[in-house]
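# Breakdown of the fold
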Amino acid sequence: MDAALALEATEVADAAAVVNGPEDNLVGWDAVRWHQAERDVRRLRQRIFTASQAGDWKKVRNLQKLMLRSRSNALVAVRRVTEINAGRKTAGVDGKVVVTADQKTALVDRMLHRAAPWSPRPVKRVYVPKSNGRRRPLGIPVVADRCLQALVVNALEPEWEARFEPRSYGFRPGRGCHDAIVAIHTTASRTDAKRLWVLDADLASAFDHLNHDHILNALGNFPARELVGQWLWAGVIEDGQFTTTDEGAPQGGVISPLLLNVALHGMEAAAGVRYYDTGTRAGKTMAHCPVVVRYADDLIALCHTRDQAEQVKARLAEWLAPRGLVFNETKTQITHLDRGVDFVGFTIRRYPNGKLLTKPSNDAMRRIRKRLSTEMRALRGSNADAVIAKINPIIRGWAAYYRIGVSKRSFNALDAHMWRLAYKWAKFSHPNKPTRWVIARYFGRFNPARQDTWIFGSRETGFYLRKFAWTPIVRHRMVAGTASTDDPSLTDYWAQRRRRNPPPVGTTTLRLLRAQHGRCPLCRELLLHAEREPQSPQEWEQWLTATQKATRKHAVLAWGAGTPDERTATRLIHSRCHRRITSSGSQTALLPARTPSGLA
């Protein structure tokens with residue numbers, strides 16, 4: 001027993017030396033013990049959260065300085081930007097991306113051993129289309145600045161997670177759009193609900209008009225406050241022209257969403273929301289107060305009367321002015337729930353029978369129909385497998401986002417629309433064939449688990465097109481009060497929450513997930529649960545596509561490789577771990593030295 005304990009202590013010490021040790025002890029990027037690095041960052045975040053919750057600001061600052069100097073934090077930050085984030089291959093004004101292990105290691109060393117003050121580069125201005133036909137301006141920092149911002153976020157975010165208001169759901173770990181929708185539904189769904197007047201408000205270009213002085217004053221004595229100011233004032237390069245930035249935070253920066261939440265902290269109090277803080281009703285809103293639900297720069301205020309909604313709007317307009325923000329009057333309205341209100345893609349409406357229903361909005365239905373039609377028209381001339389590979393992620397992503405509402409009728413309507421598109425595609429591909437021949441070739445009972453003979457599929461490969469209605473309706477359980485993933489007392493709560501909300505993946509994948517306790521056998525981190533749930537159908541689509549690649553059955557060398565019982569086993573691994581395997585050309589070098597509990 002003593003020998004075993006000694007061995008365990010040696011391994012822990014070695015891991016600490018690898019992740020946090022001096023430069024002489026550095027090892028290659030692929031040999032970093034990521035589970036240990038993530039655990040070091042998580043524990044330090046929890047200590048910052050606890051100190052902030054207790055109001056011990058001296059300890060908070062000391063821990064934040066430790067986080068900013070932590071090699072584990074630098075490793076995790078570089079990994080997040082260069083391997084995990086969707087924009088990992090997007091370059092800034094310098095045109096550089098970080099893809100190799102040596103480049104990532106060098107970037108970590110540069111972040112930790114800055115001989116001179118860091119000099120942020122200007123951001124690159126790019127535009128992405130919006131659903132209304134306009135373009136959204138994004139500011140893309142260079143990769144080095146994005147990595148340093150990720151490092152600073154891990155120091156700043158836990159402090160504010162202990163202070164943020166209960167019904168703030170945008171850009172926060174463990175929270176998302178679905179929580180905001182359920183919060184509104186819970187408030188207004190009772191038959192005796194009083195708050196039926198709604199202030200549906202949107203802030204005009206919130207990221208572009210944030211007041212820099214207000215943000216820096218809110219950060220107080222944060223150790224990296226001056227660095228945050230340099231990022232805000234770094235400027236923009238568009239079409240080769242440099243423009244100074246006297247206001248706003250670039251959309252595309254890793255730290256910008258957190259700065260927006262910092263700027264908007266206190267909105268509930270400004271609107272007149274008051275909570276019980278004692279007794280069994282602690283954390284509940286007082287009966288006479290409005291309820292404000294905010295997701296990023298979109299907010300819903302549920303009020304008792306129209307006059308109260310007008311008062312809330314006036315209070316918030318005055319409160320937003322010092323922050324450089326104003327309401328977008330074209331998107332801001334005061335209405336009654338009997339007429340319905342749209343929020344983050346859903347329509348929430350109270351019907352004459354007293355039922356409050358949450359459905360996909362008409363705009364969302366219009367957008368998905370238009371997208372499916374456009375994609376199917378572009379796929380003319382391709383084979384059935386190409387159609388299935390392109391359309392299935394769109395169907396899965398959209399259904400995964402809207403599965404929390406009353407969506408069955410919408411799903412069935414979209415299935416009918418998709419069937420018509422598939423039939424038109426098949427007829428276009430074979431204009432000289434009779435209808436009976438086309439139906440026999442492309443439609444049939446391709447899914448053996450469904451008694452449906454009208455599924456579009458490929459006779460050669462057996463692949464088939466999913467249907468929206470196959471996604472079951474799952475009632476989302478709202479995150480509790482001010483619960484934060486950084487709260488060490490709620491570790492069991494978040495673990496139970498992950499188990500209670502399984503992702504929309506196949507039964508085989510779920511079986512393997514349970515067998516592996518939800519962890520990747522290479523890096524020992526959670527396979528499917530990122531720091532936040534996808535917040536739109538497009539993000540769900542990208543996430544499920546990556547999950548399909550990451551959780552495919554991939555043969556890796558099993559534990560004990562190189563011994564007489566060497567064998568291969570089926571495991572689920574991260575897509576980033578799969579990329580490292582295929583790029584390194586060696587699988588055995590990436591396997592941990594011993595079997596984690598539950599993975600053998």
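Residues numbered from 1 in each chain as written. Predicted model: local features only at pLDDT ≥ 70, side-chain atom pairs only at ≥ 80, totals over all residues. Heavy atoms only, no water.

### As for the overall build of the protein
Broken down by element type, the protein carries 20 helices and 15 strands. Relative to its full complement of 600 residues, the protein shows a buried share of 50%. With the model as given, the accessible surface of the protein reaches about 29100 Å², and the carbon-plus-sulfur share is 50%. (Helix = DSSP H or I, 4+ residues; strand = E, 2+ residues; numbered from the N terminus. Buried < 20%, exposed > 50% of the residue type's maximum accessible area, 1.4 Å probe, protein only. Areas by Shrake-Rupley, 256 points an atom, 1.4 Å probe, with all protein chains shown as cover.)

### Observations regarding empty space enclosed by the protein
To find the voids left in a structure, one rolls a probe of water-molecule size over its atoms. The final tally for this structure, using the stated rule, is four cavities of 30 Å³ or more. Its volume calculated, the largest cavity comes out at about 100 Å³. Lining of the largest cavity is provided by D415, M418, W419, A422, F443, W454, F456, L465, R466 and K467. With four residues, the top contributor of residues to the lining of the largest cavity is helix α15 (residues 408-429). Of the residues in the lining of the largest cavity, the class split is seven nonpolar, no polar and three charged. Space inside the second largest cavity adds up to approximately 80 Å³. (1 Å grid on protein atoms, 1.4 Å probe; cavity = no way out; pocket = protein on both sides within 12 Å on 5 of 7 lines; lining within 4 Å. Points joined across faces, edges and corners; volume = space filled by probe spheres on them. Nonpolar A, V, L, I, M, F, W, Y, C, P; charged D, E, K, R; others polar.)

### Digging into helix α9 (residues 225-232)
Those residues of α9 lying buried are L227, V228, G229, W231 and L232. The inward-facing, buried residues of α9 contact α6 (143-161), α8 (212-219) and α10 (256-263). (Contact = heavy atoms within 4.5 Å.)

### Remarks on the sheet that holds strand β1 (residues 123-129)
Pairing is mixed across the open sheet formed by four strands, whose spatial order is β2-β1-β4-β5. Strand pairing shows two members of the sheet lacking a second neighbour, β2 (135-140) and β5 (241-243), which therefore form its edges. Put simply, the sheet's adjacent strands are angled 40° from each other on average, direction ignored. As judged from the two bridges shared by β1 and strand β4 (residues 236-238), these two strands associate in the parallel manner. Note on β4: the bridge partner recorded for V123 is V236. (Pairing = 2+ DSSP bridges. Axes fitted to C-alpha atoms, helices over the stretch in contact; angles between N-to-C directions.)

### Comments concerning the sheet that holds strand β11 (residues 356-360)
Strands sit in the order β9-β10-β11 across an open sheet of three strands; the sheet is antiparallel. Looking at strand neighbours, the two that pair on one side only are β9 (341-343) and β11, the edges of this open sheet. Across the sheet, the mean angle from the axis of one strand to that of its neighbour is 25°, orientation sign disregarded. Across three bridges, the pairing between β9 and strand β10 (residues 346-350) is antiparallel.

### Topic: the pattern of salt bridges
Per the stated rule, a full pass over the model turns up 15 salt bridges. Across the pair R45 and D486 runs a salt bridge, and its minimum N-O distance is 2.8 Å. Linking R45 in helix α2 (residues 34-54) with D486 in the loop between β13 (455-456) and α17 (491-500), this pair joins segments that are 441 residues apart in sequence. In this pair, the class of R45 matches that of D486, namely buried. Salt-bridge contacts for E460 lead to R441; the nearest nitrogen and oxygen are separated by 3.6 Å. Here E460, found in the loop between β13 and α17, pairs with R441, found in helix α16 (residues 435-442); they are 19 residues apart in sequence, far enough to count as distant. Assessed through its relative accessible area of 59%, E460 is described here as exposed. (Salt bridge = Lys/Arg side-chain N within 4 Å of Asp/Glu carboxyl O.)

### Here's the deal with the packing of aromatic side chains
For any pair of aromatic rings, geometry is given as the distance between the ring centres together with the angle between the planes. Tallied over the entire structure, the rule returns 21 aromatic pairs. Centroid distance Y442 to F456: 5.8 Å. Interplanar angle 10°. Geometry classified as stacked. Taken together, the positions of Y442 in helix α16 and F456 in strand β13 put the pair 14 residues apart, joining distant regions of the chain. A relative accessible area of 4% places F456 in the buried class. Ring pairs connect the aromatic residues W419, Y423, W425, Y442, F443, W454 and F456, which therefore count as one cluster. Geometry around Y127 places R135 over its ring, the cationic atom sitting 4.2 Å from the centre. One Lys or Arg, R380, reaches over the ring of F428 and ends 4.7 Å from the middle of that ring. (Phe/Tyr/Trp six-rings, centres within 6.5 Å; stacked < 30°, edge-to-face > 60°. Lys NZ or Arg CZ within 6 Å of the ring centre and 35° of its normal.)

### Thoughts on a positive patch on the surface
A contiguous patch of positive charge on the surface is contributed by R42, R43, R477, R498, R499 and R500. Only α2 and α17 provide two or more residues apiece to the positive patch. Take R499: it is sitting in helix α17. A relative accessible area of 63% places R499 in the exposed class. (Patch = residues over 30% accessible without salt bridge, like charges linked within 9 Å, V, L, I, M, F, W, Y side chains within 5 Å. Lys, Arg positive; Asp, Glu negative; His and termini not counted. Charge placed at Lys NZ, Arg CZ, Asp CG, Glu CD.)

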